[in-house]
Every structure is written in C-alpha cells, then in structure tokens.
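Here is how the chains run, residue by residue.
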Amino acid sequence: MMTRKRFPNNCFYLRWLRSALLWFMNQFVPPTAELLHSTGEAQTAMHERAAQVTRSRFGQNVFVRAVVEISNFCRENCLYCGMRRSNRGLNRFRAKQEQLADLLIHHRPQSVTDVNIQAGEDPVAVREVALPLIRTLRQHTDLGISVCLGILDHGLYAQLKEAGATLYIMKFEMGSAEHYAELHAPGTLEKRTEHIKHLAATGWNLSSGFIAGLPDQTEEELVGNFSLAADLPLDGISVSPFISGDETPLSSAPLSDINLTLNCMAVLRLMRPDWIIPSISALNLADPGNGYRRGLRTGANLVTINLTPSEIRGDYLLYKRDRFIMTEERILAAIAAEGLIPFSQSLADFYRAKKLNGKHVDQPGAIVETESCSESL
Ligand code: SF4
C-alpha cells in the first residue's frame, strides 16, 4: 500500500503559497499613457468602475472636512504658485488663532467632522497659529485634525502630533526629480519623499498628491507619478489639474485638460480602493460649474468646505485671484445631487479604526485583499 508523503508543516506551505499568489496578483502595474488619456466610452466605463469601487468600499458616504488657511507667507518659490516668496504684490497675512478657534468651535457646519489647517511653508505660522489652534480644538471639540504645512523640522512635526493632529498632507507634486527642480518645487523631490516616509514612520497618516498636465510634463513623467504614489506609505492622494496661476511665471501656460485629471483620479481609485481621494475645488476652475461633481463621480470620497475668513482668503493665491470657494451650501448641494451623503465618522476615526482592525495595508508589496491594480485596470 502506498503511503502518502506529507510535507512537513503543510499548513505553513499552503499559507505561504496563498500569500505569494496574492502578492503577485497585487503587484503594482503602472497605467499606460493611453489609459490616462482615455476618451469616449472607454473613459465613461473607467469612471463608472472607479465610482462603483468607491461605493462598494465606502457606501454613499463622503467625508466632509473644513479647511482654514492660516498663512500665505511662504519661504519657497514654486514657479506654479502665486504664494511663492518672489511674488511681492501679494498682501501677506497670518490668521488669528482665536478667531479661527471661535469659528471652528461655535460656528462650523454640522456636517464637518474634520478640519485641515493649511498654509504656505511658514514655520512662524506653525508655531504661532497652528499649534495653539490645534491644542484649543483638541480641548473643545472631537474634530479630526489634518495639517498641510509643508516641509518642517522633525521637532515641529512631533509638536503638531503631540498637540493632536493625526493626518499630514504633503503632496509630492510631480514624480520627476528633474522637472521638480526646474519648477523650483519645495526642496528636492528626494527630500520631500524622505519627509513623507519620516512622517509615516512616526505615526502620522499620510496623504499626498500630484499635478496633472504641467507644462512640459512628459507621458513618462505622468505615468511615473503612479509608481511613486504606489511606493510611498500613503493613506490618501489628490490630483490637481495644472492651473496657470495668477502672478506666477507660468501664468500664460495653457490650463490642463480636466479629463486628464479625472482619468488620473479614476486610475488611483482602481489602484487603491481604500485610499481617501478628495474632489478638489480646482476641478471647478478647470471645468466651471461641473468639474467638482465630475470628481465625485470619478471615485472621490472627500469634500472640503472652505471656512477661511472672507477678509483674508482672497490673498491665499494658490491659483487665481477669482477663487471658486466651496461653501457649505455648494458642497452639500453637490453631494446631494450625486446621491451621496455626509459621513458621520471623521477621517481621523476612520484611520484609527483601520489601524485597530488590522486592515491598514500601505507598505509597498503588501497584500491588499481587494481588487488588484491589474484586475481593475
Ligand atoms: S506650492 Fe506651496 S511651497 Fe510652493 S510656493 Fe506655493 S505655498 Fe509655497
């Protein structure tokens, strides 16, 4: 009689085999340039698929965050931004933390669960406005707190975290180190990605992002943004259409095509069903009156209500003087028109729960037991 030869530790080998198969299935496959420039039926099908993936992961819920812009001082000099230090025509401001605290504690819209505190790269504003504001909010509200404050020293990151912020937004802007240097983006791409990794390694949740349709952006560079995003320890990402900003050296460059931005958003959603992807107000600059809602139809699951006091927000010159401000009324109308609802859970709680239940998978090569990039694309 033949006896069956058993592998020692059979279960171990089966588990290893299953893990290896899942790992191979989920290897990152960069999108093709053709995919990123899809039009017509192919584009519609991709956007619908991205929306479906979002709905199956998040239901009809959309996170609602407020943003307050606390300073338009910036020590950097990005060629694509009106707040660059060489723009001498800009009235520079630092907001009063007491005014913002009062606004956020007593007068914020009911739908808001999180706040993002944003500024040019201005360590003075971090110390004098952001830190006391975060401490006050932590004391008086249960708002989740995100910050978008640029590259800082490690000590300041630690103080922000200690004060109660949990999510850092640091866009890598573009995946080509050469183009990054040419456009005088902050520091170097290498330094920026090092800071992203440092923040993630020290317990922050991380969101990043890039600009689609920059002047002279090659197809290779565009595709490279996805490879870099896949390599970084991110929880969310945004795509900004290139807008030729007022009072910048690129002010006469052509506006990028919104379809490219939306296609990038759809691909990112298919790549990572678990990421938080915002519909950003610049979509309405690229496609007036329509862009924002198209973002919600293309896999976005986060909206942002601008609560910066009206007397200062005109000088927060990321793109145009004539800003398209996403007020509470506009945001809620856009969500309702798309059949979506404001999420009652904050982003901060969502991330916390993900970490607690062990589903936080953001390491390169990690097994993501969801639709894989290659399957979805
Ligand atoms: S993009 Fe950011 S870092 Fe660059 S100039 Fe504008 S505010 Fe400063």
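Analysis parameters
- Residues numbered from 1 in each chain as written.
- Predicted model: local features only at pLDDT ≥ 70, side-chain atom pairs only at ≥ 80, totals over all residues.
- Buried ≥ 20, exposed ≤ 12 C-beta atoms within 10 Å, placed from the backbone.
- Helix = DSSP H or I, 4+ residues; strand = E, 2+ residues; numbered from the N terminus.
- Pairing = 2+ DSSP bridges.
- Right-handed = clockwise from strand over helix to strand, strands pointing away.
- Contact = placed C-beta atoms within 7 Å.
- pLDDT = per-residue confidence, 0-100.
- Core = buried A, V, L, I, M, F, W, Y, C linked by C-beta atoms within 7 Å.

A closer look at the pairing of strand β2 (residues 114–119)
Both faces of the sheet carry side chains from a regular strand, because those side chains alternate between them.
Inference 1: Within β2, 6 of the 6 residues are buried, which leaves it mostly tucked inside the rest of the structure.
Inference 2: Side chains Asp 114, Asn 116 and Gln 118 of β2 all project onto a buried face; the interleaved residues Val 115, Ile 117 and Ala 119 project onto the opposite face, where all are buried too.
Inference 3: With 6 bridges joining them, strand β1 (residues 61–71) and β2 adopt parallel strand pairing. The residue of β2 that forms the bridge with Val 67 is Asn 116.
Inference 4: In terms of strand pairing, β2 meets strand β3 (residues 144–148) through 5 bridges, oriented parallel. What sits directly across from Gln 118, in β3, is Cys 148.
Inference 5: Read from β2 through helix α5 (residues 123–140) to β3, the crossover connection turns out right-handed.

A short note on the pairing of β1
Inference 1: Burial runs high along β1: 10 of the 11 residues are buried.
Inference 2: Alignment of β1 against strand β7 (residues 302–306), held across 5 bridges, turns out to be parallel. Counterpart to Val 64 in the pairing with β7 is Val 303.
Inference 3: Since β1 and β2 lie parallel, the crossover through helix α4 (residues 97–106) that links them has a hand, and here it is right-handed.

Points about the environment of Leu 152
Inference 1: Structurally, Leu 152 can be placed in the loop between β3 and α6 (154–163).
Inference 2: Taking the C-alpha atoms as reference points, Leu 152 and Asp 122, 30 residues apart in sequence, are found 8.7 Å from one another.
Inference 3: Those residues in contact with Leu 152 that sit more than four places away from it in its chain are Pro 123, Val 126 and Tyr 157.

Looking at the confidence of the model for the chain
Inference 1: For the chain, mean pLDDT is 88; residues scoring 70 or higher make up 86% of the total.
Inference 2: Counted against residues more than four places away or in other chains, residues 1–9, with its pLDDT under 50, gives 1 contact.
Inference 3: Counting contacts from residues 358–377, a segment whose pLDDT is below 50, to residues more than four positions away or on other chains yields 39 contacts.

Here's the deal with unusual backbone geometry
Inference 1: Positioned with a positive phi, His 184 is a non-glycine residue whose angle comes to about 55°.
Inference 2: Summarising the element assignment, His 184 is placed in the loop between α7 (177–182) and α8 (189–201).
Inference 3: According to the C-beta neighbour criterion, His 184 is partly exposed, with 15 such atoms within 10 Å.
Inference 4: The residue Glu 247 is not glycine, and still its phi comes out positive at about 60°.
Inference 5: With respect to the helices and strands, the residue Glu 247 is situated in the loop between β6 (236–241) and α10 (258–271).
Inference 6: With 17 C-beta atoms packed within 10 Å, Glu 247 lands in the partly exposed category.

Examining the nonpolar core
Inference 1: Ranked by internal contacts, the top residues of the largest apolar core, which has 101 residues, are Ile 70, Ala 130, Ile 134 and Leu 268.
Inference 2: When residues of this core are assigned to their parent elements, the largest contribution, 10 residues, is made by α10.
Inference 3: Discounting chain neighbours no more than four positions away, the residues touching Leu 268 are Ala 229, Ile 237, Val 239, Trp 275 and Ile 277.

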